[in-house]
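# Overview (structure and organization)
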Amino acid sequence: MAAKVYFADMRSNEKQSLLDKVGKLYRRTGIGSIVAKNDLVAVKLHFGERGNTTYIRPQFIRRLVDLIRNSGGKPFLTDANTLYVGGRSNAVDHLETAVLHGFDYAVAGAPVIIADGLTGKDYVEVPVDLKHFKTVKIGSAAYHADALLVVSHFKGHIATAFGGVLKNVGMGLGSRSGKQMMHSDLLPEISPEKCRSCGRCMRWCPAGAISFTREQPDNPGPARIDASKCLGCGECTVTCTHGAIASNWKTEPDIMQEKIAEYSWGVLKDKKGKAAFITFLNNVTPDCDCCGWSEAPIVPDIGILASRDPIALDQACVDLVNGERGLSASRMAGHEDSPDKFRALFPNVDWSRQLAYGEELGLGIRQYQLVRVK
Ligand code: SF4
Ligand code: SF4
C-alpha cells in the first residue's frame, strides 16, 4: 500500500501561475472534503522570524484561504508562540511579526489567532499515553478548530536535520511549556543572582515544587526548585520574565524527534478525516524559518506537494531534495553529490527517526506514490 502525494513543479507560464497550481493541488488532494459548512479551519503556518525572508509568501496563503472559504469553511491563520525569546514568543510580538511579514487581513484574507494565547498558557492538555508523554500541551485554537490545513515550508533544521510537516505540527502547535518539554530532558534551575523573588513561577508551578529560600525573616530570598517534586513541565521557565530560569535545549536528536512525533499524534488524533497537508519545497535553506536570516538554498526550487498523509509527504520531500544536485553557492559546497543532503549538513542527526517513529504511531506511512499535477 502507498499513500498518494500530489506534486506540482515550479514551472509556470501565461496560462497557469503557481497560485493556480496550488488550487489544482487543493482539488486533487480532496482538501475541500475536510471542510464542512461553517467549520472553523485552522491554517497552520510559520510567519517567519524577523529578518527571515524565505517563509511562505502570503499570496499562497491567500489562495488557500479563498479555497477554504469556497468549500464552506471559516479559515483562520495560526501558530503557537516560540520558546526562545524573539519576535514570536508572546501573542503581541507574534501578531506584529505576522503583520510585518504580510499576514494581515488585507493580504491574507483571514484573521490571525495565536494558538496558545497571549503568553503561551492557553493550551489543552491532550491525553496520549505514549513512550515520552502521557499528555501533550496543544495550543487551544488548533485543538478546538474543526479542521486543520497544515502549510509547511520544507528546509533544514539543526535539531531534526529537516523541518517538514511533523515539525510544523508537533513542535509548531505545542504550547511554550510543551516546546520546553520536547527540547529538554533536564529539570529547570533557578539562577539566584537573577531571581527577583516576584513569586510568579511559584504561582504557576502545578507541583508545588518552588519555594523561597527565606534567607532572612524579612527577605524571601531567591526562589528554589525541589527536584524531587518537579515534573519537568516547563511552566516556570516560560513564566519567569526576569530570565532567572533559562530554557534548556539538551536532548538527544532521536528523542526529540520521537517527542515531536508524539505531539503530532496528539494534535491529529481528534482530526481524523479533518486534516490535510501542503508543503512548499522551494527556498530549501539549511536553517529553519525561526532564524532571523535566510541562508542560500541548498538545492534548486523543486515544487509544491500535498497529501492527506503527513509521513508520506515528509518522506517524499526528503527524497526529492536528495534527488537533486546540491548548489555549490550554498552550505552544500563540497557535498553537492551527497545522496543524503541533510545528513551531510547535520552528521549527528538521523532524520529518519521522526518518520519511522511517526509510522510506528500510526500517523501515516512512508511508502508513497508521487502523482504529478500539471
Ligand atoms: S518568576 Fe523568576 S524572578 Fe520571579 S521568583 Fe520565579 S525565578 Fe524568581
Ligand atoms: S518544571 Fe514545572 S513542576 Fe518543575 S518547578 Fe517548573 S513549574 Fe514546577
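Procedures and definitions
Residues take numbers from 1 onward in each chain, read along the sequence in its written order. Chains and ligands are labelled by the order in which they are written, letters from A for the one and numbers from 1 for the other. Reporting in this predicted model follows two pLDDT cut-offs: at least 70 for local features of residues, and 80 or more for side-chain atom pairs to be given and counted; totals over whole chains, interfaces and linings ignore these cut-offs and use all residues. All axes here are fitted lines through C-alpha atoms, helices being fitted over the stretch that makes contact, and every angle between N-to-C directions spans 0 to 180 degrees. Going along the chain from the N terminus, every DSSP run of H or I of four or more residues is numbered as a helix, and every run of E of two or more is numbered as a strand. Should an angle lie under 35 degrees it is considered roughly parallel, over 145 roughly antiparallel, and from 65 to 115 roughly perpendicular; all remaining angles are considered oblique. Helix crossings fall into two classes, left-handed where the near helix is turned counterclockwise from the far one by less than a right angle and right-handed where it is turned clockwise. Here contacts are defined at the residue level, using C-beta atoms placed from the backbone and a cut-off of 7 Å between them. In this classification, Asp, Glu, Lys and Arg are treated as charged, Ala, Val, Leu, Ile, Met, Phe, Trp, Tyr, Cys and Pro as nonpolar, and every other residue, Gly included, as polar. A pair of strands is treated as paired once DSSP finds two or more bridges between them.

## Re the packing of helix α11 (residues 310–322) against helix α13 (residues 352–361)
- At their nearest, the axes of α11 and α13 sit 10 Å apart, and the two run at 160 degrees to each other. With respect to each other, α11 and α13 are oriented roughly antiparallel. Once α11 is placed against α13, the crossing between them reads as left-handed. Along the contact surface, α11 presents I311, D314 and Q315, while α13 presents L355, G358 and E359.
- Its residues placed into classes, the contact of α11 with α13 shows 2 nonpolar, 2 polar and 2 charged.

## Looking at the sheet that holds strand β12 (residues 275–281)
- Spatially, 8 strands are ordered β4-β3-β2-β7-β12-β13-β1-β14 in an open sheet, and the strand pairing comes out mixed. The sheet is open, and its two borders are formed by β4 (112–114) and β14 (368–372), each paired with just one other strand. Direction aside, neighbouring strands of the sheet carry axes that sit 25 degrees apart on average.
- The pairing of β12 with strand β13 (residues 303–307) spans 5 bridges and is antiparallel. Among the inter-strand pairings, I278 is bridged to a residue of β13, identified as A306.
- This element, helix α6 (residues 165–173), spans β2 (40–44), β3 (74–79), β7 (147–153) and β12 of the sheet and lies at about 115 degrees to β7.

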